[in-house]
Amino acid sequence: MSIDDNNKKSRLLVTREGVSYVLPFIVVTCCFALWGFANDITNPMVKAFSKIFRMSVTDGTLVQVAFYGGYFCMALPAALFIRRHSFKSGIVMGLTLYALGVLLFIPAKAVGSFWPFLIAYFILTCGLSFLETTANPYILLMGDRETATRRLNFAQSFNPIGSLAGMFVAMNFIQARLSPLDTAQRATLGDAEFEALKQNDLGVLIQPYALLSVVIIALLVVLLAVRVPALREASSGAHAPLWPAFKRLWANRSYRNGVAAQFFYVGAQITCWTFIIQYGTRVFMAEGMSEQAAEVLSQRYNIVAMIIFCCMRFVNIYLMKYIKPGRLMAFFAAVALLLLCGVIFAGGRVGMCCLVGVSACMSLMFPTIYGIALGDVNEDAELGSAGLIMAILGGSVLPALQAMIIDSDVQWLPAVNLSFVVPALCFVVVLLYGLRHSR
């Protein structure tokens, strides 16, 4: 392939049939950063809520159940909404639900119990489900089909930028400002002391979410003012009967396997990014740190992991000019498996560095699975997108499974180390999917 051919492909990345979609591409890409922020300010909250409400790690993962359950429940209704209306309407609805869920943190704090926060998370992620179901296929349509996977990888590269912001806020404005009392000390408090401490910590926790609502509403205003083209001609089945569309999708083996691969990939991503806090806390407390200091340092490692993830996304966009996406994904899935062996068996700071390294391997997986799976669904793009977003349920189911291993009584290996067998098995599925589509 010549340099001229590569330059031509780069120019066509957000151009379709001679029409440039740069402005709507920029506006929609901002949504990628916003849901990245929500995902990665949430992962450390499993540990934070467990401490604030004196719960087990397994109970704390109900945050992830509510968060990713919203994705699952709203993906299909979002797809049907988009088929009836437009991509822009879907994004507007997503931002509205997102803002509503964030604002519900304020009355949840006033109630002072765990369940209102779960409801707020669920509504928040119903909005994120709308955004992802809408934005991903819309980005795929903003240019030539041959560059669709690269284009989606480019848009998704702004997702970890939002994630980095979420991690930074979680570390500096939530974790570092919570009461320094560790889990054991909180267990000894009387009811009145515990209630006062809980209210103080919840006040710290909701402040970033209140500011987030302002940002969401501002983007919503911008979106309403910008012309966002429908691109309906690329999705001619918008008003076609649903049942034949479901049958076509089910008969498409590449799509069907892609949904399964996405389920396990998202599960692997969320387990690695959620339980790096538990893993690092154990490592650093063994070195003599306090629990709070160990948690904050673990989050710093998590931020380094996200920086690597973000940088590797751009590297992979370049590599995809020369290497087939499926082949590249299979290679990184194999490397992730090797690194997780280090996480499980090496432990200590070596294991922590291996866990950070897994993020480099994950950077291309979500958009690549998405692009391959939707590569030939044609007029069923909205429903196909819904299935892939529903697969995000893996981020709800698999962390709970890993948490149960962490809470178990394992003698021959630290339970938190052993728990990373869950993402290892997930990467086996991604590896097989990549190998199948590497030809």
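Every value quoted in this text rests on a predicted model; they were computed, and no experiment measured them.

Quick look at the packing of aromatic side chains
Across all of its chains, the model carries 27 aromatic pairs by this definition. On the basis of an interplanar angle of 50° and a centroid distance of 5.5 Å, the ring pair of Phe49 and Phe114 is categorised as tilted. Placement of the pair is Phe49 in helix α3 (residues 45–52) and Phe114 in helix α8 (residues 114–141), with a sequence separation of 65 residues. With a centroid separation of 5.6 Å and an interplanar angle of 75°, the aromatic rings of Phe105 and Phe117 are classed as edge-to-face. With Phe105 in helix α7 (residues 105–111) and Phe117 in helix α8, this pair connects stretches of sequence that are twelve residues apart. Just as Phe105 is buried, Phe117 falls in that class too. Among the aromatic side chains, those forming a connected cluster through ring pairs are Phe49, Phe53, Phe67, Tyr68, Tyr71, Phe105, Phe114, Phe117, Tyr121 and Tyr209. Across the ring face of Phe194, the terminal group of Arg54 is positioned such that the distance to the ring centre comes to 3.7 Å. We note Arg256 situated over the ring of Trp250; from NZ or CZ to the ring centre the distance is 5.2 Å.

What to know about the pattern of salt bridges
Counted under the stated rule, the structure contains six salt bridges. The partner of Glu295 in a salt bridge is Lys51, and the shortest N-O contact between them spans 3.6 Å. Taken together, the positions of Glu295 in helix α16 (residues 291–319) and Lys51 in helix α3 put the pair 244 residues apart, joining distant regions of the chain. The exposure class of Lys51 is buried, given its relative accessible area of 4%. With its nearest N and O atoms 3.0 Å apart, the salt bridge here joins Arg186 to Asp201. Of this pair, Arg186 sits in helix α11 (residues 183–187) while Asp201 sits in helix α12 (residues 191–225); the two residues are 15 residues apart in sequence, bridging distant segments of the chain. There is no split in this pair, since Arg186 and Asp201 are both buried. The structure contains a network of salt bridges with shared partners spanning Lys47, Lys51, Glu291 and Glu295.

Description of the side chain of Gln262
With respect to the helices, strands and loops of the structure, Gln262 is situated in helix α14 (residues 253–274). For Gln262, a relative accessible area of 0% puts it in the buried group. The residues contacting Gln262, other than those within four sequence positions of it, are Met365, Phe366, Ile369, Tyr370, Leu388 and Ala391.

Some thoughts on the nonpolar core
By size, the foremost hydrophobic cluster in this structure holds 142 residues, and its most contacted members are Phe49, Tyr98, Tyr265 and Phe427. With 13 residues, α8 is the single largest residue contributor to this core. Setting aside residues no more than four positions away along its own chain, Phe427 makes contact with Tyr265, Ala268, Ala333, Ala336, Leu337, Leu340, Val358, Met362 and Met365. Counting residues in hydrophobic clusters, the runner-up holds five residues, among them Met74, Ala78, Leu97 and Phe130.

Some remarks on a nonpolar patch on the surface
On the surface, Leu80, Leu242, Trp243 and Phe246 cluster together into a nonpolar patch covering about 380 Å² of accessible area. Take the nonpolar patch: its biggest share by element is three residues, from helix α13 (residues 242–251). You can see Trp243 is positioned in helix α13. A relative accessible area of 61% means that Trp243 is categorised as exposed.

Here's the deal with the confidence of the model for the protein chain
Across the protein chain, pLDDT averages 84, with 91% of residues at or above 70. Scored below 50 in pLDDT, residues 6–11 makes nine contacts in the model with residues more than four places away or belonging to other chains.

Observations regarding unusual backbone geometry
Positive phi, normally seen in glycine, also occurs at Arg54, with a value near 55°. Mapped onto the secondary structure, Arg54 falls in the loop between α3 and α4 (57–60).

Side note on the side chain of Ser363
Structurally, Ser363 can be placed in the loop between α18 (348–362) and α19 (365–373). Looking at Ser363, the relative accessible area reads 0%, which means it is buried. Within the structure, Ser363 has its side chain in polar contact with the backbone oxygen of Ala360 (distance 3.3 Å). Other than its neighbours up to four places away in sequence, Ser363 contacts Phe309, Met312, Arg313 and Asn316.

What to know about helix α5 (residues 62–84)
If you check α5, its first and last C-alpha atoms are 33 Å apart, about what 23 residues at 1.5 Å a residue would give, namely 33 Å. Bending of α5 peaks at approximately 40° at the position of Met74, with proline Pro77 no more than four residues after it.

A short note on the environment of Tyr265
You can see Tyr265 is positioned in helix α14. Judged by its relative accessible area of 1%, Tyr265 is buried. Once residues lying within four places of it in the same chain are set aside, the contact partners of Tyr265 are Phe309, Met362, Met365, Phe366, Ile369, Phe427 and Val430.

Brief notes about the packing of helix α15 (residues 276–286) against α18
In a pair of packed helices, the angle between the axes and the distance between the axes together describe the arrangement. Running from amino to carboxyl end, α15 crosses α18 at an angle of 160°, the nearest separation of the two axes being 9 Å. In terms of axis orientation, α15 runs roughly antiparallel to α18. Crossing geometry of α15 relative to α18 is assigned as left-handed. Of the residues in α18, those in contact with Ile276, Tyr279, Gly280, Val283 and Phe284 of α15 are Gly348, Arg349, Gly351, Met352, Leu355 and Val356. Here the residues of the contact of α15 with α18 sort into seven nonpolar, three polar and one charged.

About the thresholds
- Sequence positions are assigned chain by chain, starting from 1 and proceeding in written order.
- Only residues with pLDDT of at least 70 are given local features in this predicted model, and only at 80 or more are side-chain atom pairs given and counted; all residues enter the totals for whole chains, interfaces and linings.
- To get the side-chain values, take all heavy atoms of the structure and skip hydrogens and water.
- Between rings of Phe, Tyr and Trp, where Trp is taken as its six-membered ring, a pair exists when centres lie within 6.5 Å; planes separated by under 30 degrees are stacked, by over 60 edge-to-face, and by other angles tilted.
- A run of H or I in DSSP counts as a helix once it spans at least four residues, and a run of E counts as a strand once it spans at least two, with each numbered from the N terminus.
- Each residue gets one of three labels from its accessible area relative to the maximum for its type: buried under 20%, exposed over 50%, partly exposed in between, using a 1.4 Å probe on protein chains only.
- Only when the NZ atom of a Lys or the CZ atom of an Arg is both within 6 Å of the ring centre and within 35 degrees of the ring normal do we say a charge sits over the ring.
- In what follows, salt bridge is the name for a side-chain nitrogen of Lys or Arg lying within 4 Å of a carboxyl oxygen of Asp or Glu.
- Contacts were defined at the residue level, with two residues in contact if any of their heavy atoms lie within 4.5 Å.
- To form a nonpolar core, buried Ala, Val, Leu, Ile, Met, Phe, Trp, Tyr and Cys residues must be joined to one another through side-chain atoms within 4.5 Å.
- Residues with no salt bridge and a relative accessible area higher than 30% make up the patches, which join like charges within 9 Å and nonpolar side chains (Val, Leu, Ile, Met, Phe, Trp, Tyr) within 5 Å.
- Each accessible area is a Shrake-Rupley result for a 1.4 Å probe, and residues are judged covered by the shown protein chains and nothing else.
- Within a predicted model, pLDDT stands for the predictor's per-residue confidence, ranging from 0 to 100.
- Each polar contact in these results corresponds to two N or O atoms within 3.5 Å; when the atoms are within protein, one needs to be able to donate a hydrogen and the other to accept it, and residues that are neighboring in sequence are counted only if both atoms are side-chain atoms.
- One less than the number of residues in a helix, times 1.5 Å, gives the span that helix is expected to have.
- Two axes enter the bend calculation: one fitted to the seven residues ending at the residue in question, the other to the seven starting there, and the bend is the angle between them.
- Whenever a helix is involved, its axis is fitted only over the stretch in contact; in every case the axis is a line through C-alpha atoms, and angles between N-to-C directions fall within 0 to 180 degrees.
- Angle categories are assigned with fixed cut-offs, so that under 35 degrees is roughly parallel, over 145 is roughly antiparallel, 65 to 115 is roughly perpendicular, and the rest are oblique.
- What makes a crossing left-handed is the near helix being turned counterclockwise from the far one by less than a right angle; a clockwise turn instead makes it right-handed.
- When residue character is reported, Ala, Val, Leu, Ile, Met, Phe, Trp, Tyr, Cys and Pro are called nonpolar, Asp, Glu, Lys and Arg charged, and the others, Gly included, polar.

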